[in-house]
Amino acid sequence: MRGGLRGKSAKRIVKAIRDSGEIWLTNTGPRDTSQSDYKNRFTLHDMSRLIPVYNESGYFSVEVHGGARLHQNMLNNKIDPFREVQLWASGSSRVLIQTLIRATNVWGYRMYPRNVVKLAVRSFLETVDVWRCFDFLNYVPNMAPVAEEVLKGGRIFQPAISFNESPDCSDAYFLRVVKEIVALCGGTDGIILCVKDMAGLGSPDRIRRLIDAILQKHPDLLILYHRHATDGLVIPAMAAAAQAGARLFDVTDDAFSRFYGHPPVRPLVRYLRELGFSVRLDMEKAGEATDIIRGFIRGYEMYESPYKGFSHDVVTHRMPGGAFPSSFEQAEKGGFLDLMPDILKGMAYGNRIIKYFDVTPGSQITWTTWAGIVQRVQKEGGESGVRKLFQALEKYFQAGERMEALSPAEESILLGLYARATDDLKNLLLGKLGPLPFGWPKDWVYRSAFGEEWRERVAADRLESSPLSHLPEEDLGRARETMEAELGRPPTDEEFVLYLMHPKAATDFLKFRQTYGDTTVLPTAVWFHGLKSPGDSVLVTLSGKPHVISLVSIGEGVGGIKQVVLSVDNIMHVFPVELPGVAHARKTVRKANPAVKGEVGSSMRGTVWRIGTKDRVLKEGDRLRKGEEIMNIEVMKTENAVKSPVEGVIRELCVAVNETVEVGQLLAVIGPEPDLQ
């Protein structure tokens, strides 16, 4: 297709790739590499410089959207997700624009009902050409709402199978999943199957055998192999995939490549060509892109993981590329970095107890579960307590997973393992996210998570069918009214979609834009660090007109406030700026008293992202039932409900939305009803 791929039908594009005899590439740099190695902090100012180069490089697609980037754009980057993808689409006549969508999690962190999924997909159909969709349980019905809208819209649907190299993940298992996918899509003509090796687990031989097995059953199916570099075997594994018949691969620019993202494009292409494959890529343009990236990449060093190097032990703990550096960062901030080896070891055991795929949100559930377990055990029993836990687990598996082989003390250790399970883990065990791919775990796991009444809980709440059929549709009219009240004006349709994904982040982003305008016009160095010295200036262009902002002076600071004088087009403006750390210094972290039932403390370090529920915003003075949700704390993209230990009235809310809280910090005080005093 000399004129490029955009504007062609999905079936025509798939046929062209199949008939070309070439290997085609997807560049993941702007989205997935950004997420895995740089915490999604690439600015639009820098990324936009790559658009014309990518367009002439011969790529099949460029992944610029999806995953956690939509949230990060609003939360920290202050980029309009719609504007970003529109900019890429307008400058890409030859290369396709791609997103990653997490089935019913869409671009958020919870399961959304069918009407929200469909609305979100439709909102980006005009600008996004390729829709990679995966479910962390490989539960194909969860992909159905996305598939329906994408296929109806004439775009390329790229269903993904989540890969693992555990004994349960046989060729026969994966072939059953692929068969369901092909049936869902009505055949193979307009789709591309993605084998999603998100953690970088597959040995070259295993990948070769899997792809060969799939193509033996579906010889006309186009296969893309997606793999992170984590274990260090990414290039030989991709070569093996190509030899087995895979025709598309995920790559990143040489200058973007680190350890947890994707393979550098030019070394891979060179090796595949030496093996005799024809690979579609303009090497000079790929080099030009790397030169551009080298000009700005050092500006993002503060967002890289401080722990460099490949991690071959990923084959046991299975933490995927995007979560691996973030987990180390969280452990460092939380003061438990020294426990990371034990947490990873615990995750390896946990993967054998509850079997599912460690990709979003599964990877976050595994991480938060075991980070919590190891911290609790270490706090209560020290290093010897952690050793006893692992000894009990090892004995359990050596005995063929028979609890009766354990001593009463060892059995007690395991029965306490999931005693403080998060809501996400409980929902997973109850099938609220879909049935587990290799069956439900053993009864003792439910007893550990739900207590002595676990049988009644499982009988009443565990779903054996699609959770989508049990999930009521969102009242979109009511949600829009709520957003309008929070925003102070009617939202646009695009703003409403962002709100449905991330209510608080969307509202804060839109208010930020209303106050400060479009900050994406600022060069990256100024956006991150500001104007440092009097006389420094920056030229920005708004609506086609140039404007000069200059720093005139910074006051000495009185009462924690400095007066900053800026010149904007030679007109002076004075801004009072609070010194960093002043607000924090004024606030002391209050601790909950465990002896007082009404004092609710945090059991984890995380961020308060909601006070109340999605249906009820709580405030001081509101009445609560025992067990009712007070607020929700986000940890590594997982929701953790904080519930009232008593019935009563909210006497005090001690934290605010978006506030980071520590373990033991006082969150709320619940007192008796006034008429009961």
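Please refer to the structure placed before this passage.
Residues numbered from 1 in each chain as written. Predicted model: local features only at pLDDT ≥ 70, side-chain atom pairs only at ≥ 80, totals over all residues. Heavy atoms only, no water.

Take the sheet that holds strand 10 (residues 545-554) next. Spatially, the 4 strands line up as an open sheet ordered 9-10-11-12, and their pairing is antiparallel. On the outer flanks of this sheet lie strand 9 (537-542) and strand 12 (571-578), each paired with one strand and no other. Strand-to-strand, the axes of this sheet are offset by a mean angle of 30°, without reference to chain direction. Both strand 10 and strand 11 (residues 561-568) contribute to a ladder of 5 bridges, which runs antiparallel. Directly across from S550, in strand 11, lies its bridge partner S567. (Pairing = 2+ DSSP bridges. Helix = DSSP H or I, 4+ residues; strand = E, 2+ residues; numbered from the N terminus. Axes fitted to C-alpha atoms, helices over the stretch in contact; angles between N-to-C directions.)

Moving on to the nonpolar core. Ranked by internal contacts, the top residues of the largest apolar core, which has 183 residues, are F60 and Y418. Of all the elements, helix 17 (residues 362-398) adds the most residues to this core, at 14 residues. V646, V655, V661 and L667 belong to the second-largest nonpolar core, a separate cluster that totals 18 residues. (Core = buried A, V, L, I, M, F, W, Y, C linked by side-chain atoms within 4.5 Å. Buried < 20%, exposed > 50% of the residue type's maximum accessible area, 1.4 Å probe, protein only.)

What follows covers helix 6 (residues 81-90). Among the 10 residues in helix 6, 7 count as buried, and that is most of the element. Turning to helix 6, its buried residues number three or more, namely P81, F82, E84, V85, L87, W88 and A89. At the N-terminal boundary of helix 6, the capping side chain belongs to D80, with an oxygen 2.9 Å from the backbone nitrogen of F82. (Polar contact = N/O pair within 3.5 Å; in protein donor to acceptor, adjacent residues only side chain to side chain.)

Further remarks concern the environment of Y418. One can find Y418 in the loop between helix 18 (408-415) and helix 19 (423-429). Among the residues examined, Y418 registers a relative accessible area of 2% and is labelled buried. Separated by 128 residues in sequence, Y418 and T290 have C-alpha atoms that sit 47 Å apart. If we skip the residues at most four places from it in the chain, Y418 touches G350, I353, I354, T369, W370, I373, L425, W444, V445, S448 and A449. (Contact = heavy atoms within 4.5 Å.)

Turning to the sheet that holds strand 13 (residues 599-601), a few remarks are in order. Ordered by their spatial adjacency, 4 strands build an open sheet running 13-21-19-16, and the pairing between neighbours is antiparallel. The open sheet terminates on both sides in strands that have one partner only, identified here as strand 13 and strand 16 (623-624). In this sheet, strand 21 (residues 666-671) lies alongside strand 19 (residues 648-653) in antiparallel orientation, the contact comprising 4 bridges. The residue of strand 21 that forms the bridge with E652 is V669.

Counted residue by residue, strand 6 (residues 192-197) has 6 buried out of 6 residues, so it is predominantly covered. Burial along strand 6 is two-sided: I192, C194 and K196 and L193, V195 and D197, pointing in opposite directions, are all buried. Where strand 5 (residues 156-162) meets strand 6, 3 bridges bridge the pair, whose relative direction is parallel. Across the sheet, I161 pairs through a bridge with V195, a residue of strand 6. In this fold, the crossover linking strand 5 to strand 6 by way of helix 9 (residues 171-185) has right-handed handedness. The pairing of strand 6 with strand 7 (residues 222-227) spans 6 bridges and is classified as parallel. Looking at the pairing, D197 lines up with R227 of strand 7. (Right-handed = clockwise from strand over helix to strand, strands pointing away.)

Across the interface, helix 20 (residues 443-450) lies against helix 21 (residues 454-461) with an axial gap of 9 Å and an inter-helix angle of 100°. When the axis of helix 20 is compared with that of helix 21, the two are roughly perpendicular. Mapping the contact onto sequence places D443, Y446, R447 and F450 in helix 20 and W454, R457 and V458 in helix 21. In terms of residue class, the contact of helix 20 with helix 21 is made up of 4 nonpolar, no polar and 3 charged. (Parallel < 35°, antiparallel > 145°, perpendicular 65-115°, else oblique. Nonpolar A, V, L, I, M, F, W, Y, C, P; charged D, E, K, R; others polar.)

A large share of strand 17 (residues 629-635) lies buried, amounting to 6 of its 7 residues. Relative to strand 17, strand 14 (residues 606-613) runs antiparallel, the two sharing 4 bridges. Note that in strand 17 the partner of I611 across the bridge is M631.

This brings us to the side chain of H262. One can find H262 in the loop between strand 8 (248-251) and helix 12 (265-274). A distance of 3.0 Å separates polar atoms of two side chains, one belonging to H262 and the other to T33. There is a polar contact of 3.4 Å between the side chain of H262 and the side chain of H228. Discounting chain neighbours no more than four positions away, the residues touching H262 are T28, D32, T33, H226, R227, H228, D250, V251, T252 and S257.

Within the secondary structure, D342 is located in helix 16 (residues 340-353). For the pair D342 and V386, spaced 44 residues apart in sequence, the C-alpha separation works out to 7.9 Å. Among all residues touching D342, those that are not within four sequence positions of it are V374, V386, R387 and F390.

Next up on the list: the pattern of salt bridges. Tallied over the full model, the rule gives 45 salt bridges. As a salt-bridge pair, E404 and R402 come within 3.8 Å of each other at their nearest N and O atoms. By relative accessible area, E404 is classed as exposed at 61%. Residue R489 pairs with E495 through a salt bridge whose shortest N-O separation is 3.0 Å. Through salt bridges with shared partners, a single ionic network connects R114, K118, R122, E148, E149 and K152. (Salt bridge = Lys/Arg side-chain N within 4 Å of Asp/Glu carboxyl O.)

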